Amino acid sequence: MAILEKKDLLGLRDTSVSDIRLILDTAFTMRQILDSPSKKTAHLAGKSVVLFFLENSTRTRLSFEFACKYLGANSSNISGSGSSIRKGENLYDTIKTIEVMASDMIVMRHMQSGAPWLIAPQTHCSIINAGDGMNEHPTQALLDMMTMEDKLGKLEGLEVAIIGDALHSRVVRSNIWGLSKMGAKVRVCAPPTMLPRGLDGLPCEVIADVREACEGVDVVMGLRVQLERQKSALFPSVREYAHFFGIDHEAIQAAKENALIMHPGPCNHGVEMPTEIHEHPQSVIHEQVTNGVAIRMAILFLLQARRNALSNDLNGLAALEAAYGFGKGPISNPVEQPKYRR
Ligand code: NCD
């Protein structure tokens, strides 16, 4: 069986083409389980997954929770409010506390960009990034790619227009990395105040006008205007934003016939797009959510399969050391592996 290269899924910038391929292929199998009358399987029986969300979430958290249940894993939730984070406990101590309760994988959403990269080398648990600040959201981009491949039959050669608040969006960054690695071309369109610095260094084209950005594309994807992350107003009014950057019928007509309409959700109806575009016959927004469960099942399954394969030695630690070089450099974490861990 093919095995993922890394212990964690942190971002698509550092995920190989072959691992993206493996996750997508596995997700199509998982989708069949999801569509079957009895969704219960035992692939992850006896494994524990902790959903550690420090930012709000409906789709991502619930789909990971369902994914755990459908694969037979135990899942537990921990959030900012109601946990010791509120008492000032730091990230390392929190993750370590989760780890030493014999947890196997931690799904983590954190408001700080880069937090999963900081913590992943410090724990034996597999870390899955469910969104870090304004940086990456790899599982969202994977479910987006799965939906495109499912509906359009391929990723290679697709033209994808991503329109909206690129400045604050971790979804756009993961999609730029993932889609470009898989041979698609990405166009980004946003008001100048909502374009992140350094975007021109990423594998994408920046186009100022919505209709022009949508011209001849296979996919039109909206991005939510993330008012909660804006420190000051980045556009004069919501009405003006919707007028100049909303995805309307003209934008859809500029795209290829039967182009897909996508949005990661939650959508501000009437801002990124009116309700009739959200519910348009070409919209696959609800399908994206369903595929999100399949993608998360695939990732949990593949990361655990890797863990199983590497733990065929005495207690798994030697293989981990060999694979990740623990103890070889200054990042070495001296914490002992608990004795009960196999
Ligand atoms: C996205 C996120 O949290 O980054 N939502 C999601 O996971 N479906 C996009 C957003 O919140 O705008």
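See the structure shown above.
Quick notes on the rules
Residues numbered from 1 in each chain as written. Predicted model: local features only at pLDDT ≥ 70, side-chain atom pairs only at ≥ 80, totals over all residues. Heavy atoms only, no water. Patch = residues over 30% accessible without salt bridge, like charges linked within 9 Å, V, L, I, M, F, W, Y side chains within 5 Å. Areas by Shrake-Rupley, 256 points an atom, 1.4 Å probe, with all protein chains shown as cover. Salt bridge = Lys/Arg side-chain N within 4 Å of Asp/Glu carboxyl O. Lys, Arg positive; Asp, Glu negative; His and termini not counted. Charge placed at Lys NZ, Arg CZ, Asp CG, Glu CD. Helix = DSSP H or I, 4+ residues; strand = E, 2+ residues; numbered from the N terminus. Buried < 20%, exposed > 50% of the residue type's maximum accessible area, 1.4 Å probe, protein only. Phe/Tyr/Trp six-rings, centres within 6.5 Å; stacked < 30°, edge-to-face > 60°. Expected span 1.5 Å × (residues − 1). Pairing = 2+ DSSP bridges. Contact = heavy atoms within 4.5 Å. Axes fitted to C-alpha atoms, helices over the stretch in contact; angles between N-to-C directions.

Our next topic: a negative patch on the surface. On the surface, a cluster of negative charge is contributed by Glu205, Asp209, Glu212 and Glu215. With respect to the helices, strands and loops of the structure, Asp209 is situated in the loop between β7 (205-206) and α7 (210-214). Of the residues examined, Asp209 reaches a relative accessible area of 38% and is grouped as partly exposed.

For the rest of this paragraph, the subject is the packing of aromatic side chains. Scanning the model with the defined rule gives two aromatic pairs in all. Ring plane angle 5° and centroid distance 5.6 Å describe the contact between Phe66 and Tyr70, whose orientation is recorded as stacked. Within this pair, Phe66 and its partner Tyr70 are both found in helix α2 (residues 59-70), separated by four residues, close to a single helical turn.

Let us now look at helix α5 (residues 138-152). A rise of 1.5 Å per residue sets the reference length of α5, with its 15 residues, at 21 Å; its end C-alpha atoms lie 21 Å apart and thus fit the reference within 8%. With respect to burial, α5 is a largely interior element, twelve of its 15 residues being buried. The complete set of buried residues in α5 reads Pro138, Thr139, Gln140, Ala141, Leu142, Leu143, Asp144, Met145, Met146, Thr147, Met148 and Glu149. Of the residues trailing α5, Gly153 is marked for its positive phi of about 85°.

Let us look at the sheet that holds strand β9 (residues 260-262). Here five strands make up an open sheet; going across it, the order is β7-β6-β5-β8-β9 and the pairing parallel. Looking at which strands have only one partner, the edges of the open sheet turn out to be β7 and β9. Bridge count for strand β8 (residues 219-223) against β9 is three bridges, and the pairing is parallel. Of the residues in β9, the one forming a bridge with Val219 is Leu260. On top of the sheet, helix α6 (residues 170-181) reaches β5 (159-164), β6 (185-189) and β8; it is set at about 155° to β6, its chief contact.

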